[in-house]
Amino acid sequence: MQALILAGGEGARLAADGVAEPKPLAEVAGQPQIVRLATTLRRLGSASVTAMVRARFAEPVRQSAARAGLDWLRLLPCQTPSSLHTLCAGFSVLPPGPVFCTMVDTVMRPVDWDRVWAATRAGLDQGAALVLAVTGHVDDDTPLWVQRDPAGYAVAIGAEPVSPACVSGGVYGFSDAARHWAAEALAGGLNRMRAFLGRAVDQGARIATVEVSRIVDLDRARDLDAVRRWLDSLEAERSLL
């Protein structure tokens, strides 16, 4: 399974909060976020790790990756207008086969990355077209709500809140069929990942989910502070074991 990191955005909300670093270079647990993500994806067993990075941030990100010794990380500058454009641009440079994809601003515990990776492989092997990481911990400005059936398959994805709370966490597994559908959706005028996912489930795509307790999106300065406190508390808990 190939791994793909989507870092094509401008990070406008972080910048508006006074964060000087672009989102891929925001420090989390002592590492730039993109280094932390790429290292995690490598550890999980990805056949390759590719990052689509906003063109104006590509050189500082490349330098950061080089300092961390990530000579195996493929960095591709992009100037895409939307998340779906960035996704499809990433797909176009990957060989056929399943793709494990994450947004650059996603933070989870290592054990949850392990869980999502294993569930994604299993779900795709069992015939799911897509696999979504979901959580009941809602801390996104514009959450993407996921309604599920008793077996854990998505039956609706969109802006309408659901109960019990369940939102997408920005980590996805794509089959070859789903890669093709994404390209079709883009050609048909859609330009956001959430619009593509909503259409896919409406058209009957088999979308499996894997739930973890908490996923944080690094959208604002307060999210960086929250993540630091969260990870510090987890480290303190481990030290007591």
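Residues numbered from 1 in each chain as written. Predicted model: local features only at pLDDT ≥ 70, side-chain atom pairs only at ≥ 80, totals over all residues. Heavy atoms only, no water.

Examining the overall build of the protein chain
Within the protein chain, the regular secondary structure consists of 8 helices and 13 strands. Against the globule reference of 18 Å for 241 residues, the protein chain gives a C-alpha radius of gyration of 17 Å, in line with a compact fold. Its C-alpha atoms put the protein chain at 45 × 40 × 35 Å along the principal axes. Classification of the 241 residues of the protein chain by burial places 52% in the buried group. Long-range pairs, those at least 24 residues apart, make up 76% of the contacts in the protein chain between residues at least 6 apart in sequence. A total of about 10800 Å² of accessible surface is found on the protein chain, and carbon and sulfur atoms cover 51% of it. The averaged location of the 26 negative side-chain charges in the protein chain is 3 Å from the averaged location of its 25 positive side-chain charges. (Helix = DSSP H or I, 4+ residues; strand = E, 2+ residues; numbered from the N terminus. Rg over C-alpha atoms; globule rule 2.2 N^0.38 Å. Buried < 20%, exposed > 50% of the residue type's maximum accessible area, 1.4 Å probe, protein only. Contact = heavy atoms within 4.5 Å. Areas by Shrake-Rupley, 256 points an atom, 1.4 Å probe, with all protein chains shown as cover. Lys, Arg positive; Asp, Glu negative; His and termini not counted. Charge placed at Lys NZ, Arg CZ, Asp CG, Glu CD.)

Examining the side chain of Thr 209
Looking at the secondary structure, you find Thr 209 in strand 12 (residues 207-212). A relative accessible area of 16% means that Thr 209 is categorised as buried. Side-chain polar atoms of Thr 209 contact the backbone oxygen of Gly 152, separated by 2.5 Å. Ignoring sequence-local partners within four residues, the contact set of Thr 209 consists of Leu 132, Val 134, Val 146, Arg 148, Gly 152 and Ala 154. (Polar contact = N/O pair within 3.5 Å; in protein donor to acceptor, adjacent residues only side chain to side chain.)

Some words on the environment of Arg 67
With respect to the helices and strands, Arg 67 occurs in helix 3 (residues 58-67). Accessibility expressed as a relative area gives 66% for Arg 67, which makes it exposed.

Side note on the environment of Arg 74
Position of Arg 74 relative to the elements: it lies in strand 5 (residues 74-78). Note: C-alpha distance between Arg 74 and Val 107 (33 residues apart in sequence) is 21 Å. Excluding its chain neighbours within four sequence positions, the residues that come into contact with Arg 74 are Val 49, Thr 50, Ala 51 and Val 93.

Regarding helix 7 (residues 193-202)
For helix 7, the full list of buried residues reads Met 193, Phe 196, Leu 197, Gly 198, Ala 200 and Val 201. Residue Gly 204 follows helix 7 closely and has a positive phi angle near 90 degrees.

Focus: the packing of aromatic side chains
Scanning all chains against the criterion turns up 4 aromatic pairs. The interplanar angle of 65 degrees and the centroid separation of 6.4 Å between the aromatic rings of Phe 100 and Trp 113 together place this pair among those described as edge-to-face. Of this pair, Phe 100 sits in strand 6 (residues 99-103) while Trp 113 sits in helix 5 (residues 110-125); the two residues are 13 residues apart in sequence, bridging distant segments of the chain. As far as the burial class goes, Phe 100 and Trp 113 line up, both buried. Among the aromatic side chains, those forming a connected cluster through ring pairs are Phe 91, Tyr 172 and Phe 174. Directly above the ring of Trp 230 sits Arg 214, whose terminal nitrogen or CZ lies 4.7 Å from the centroid. (Phe/Tyr/Trp six-rings, centres within 6.5 Å; stacked < 30°, edge-to-face > 60°. Lys NZ or Arg CZ within 6 Å of the ring centre and 35° of its normal.)

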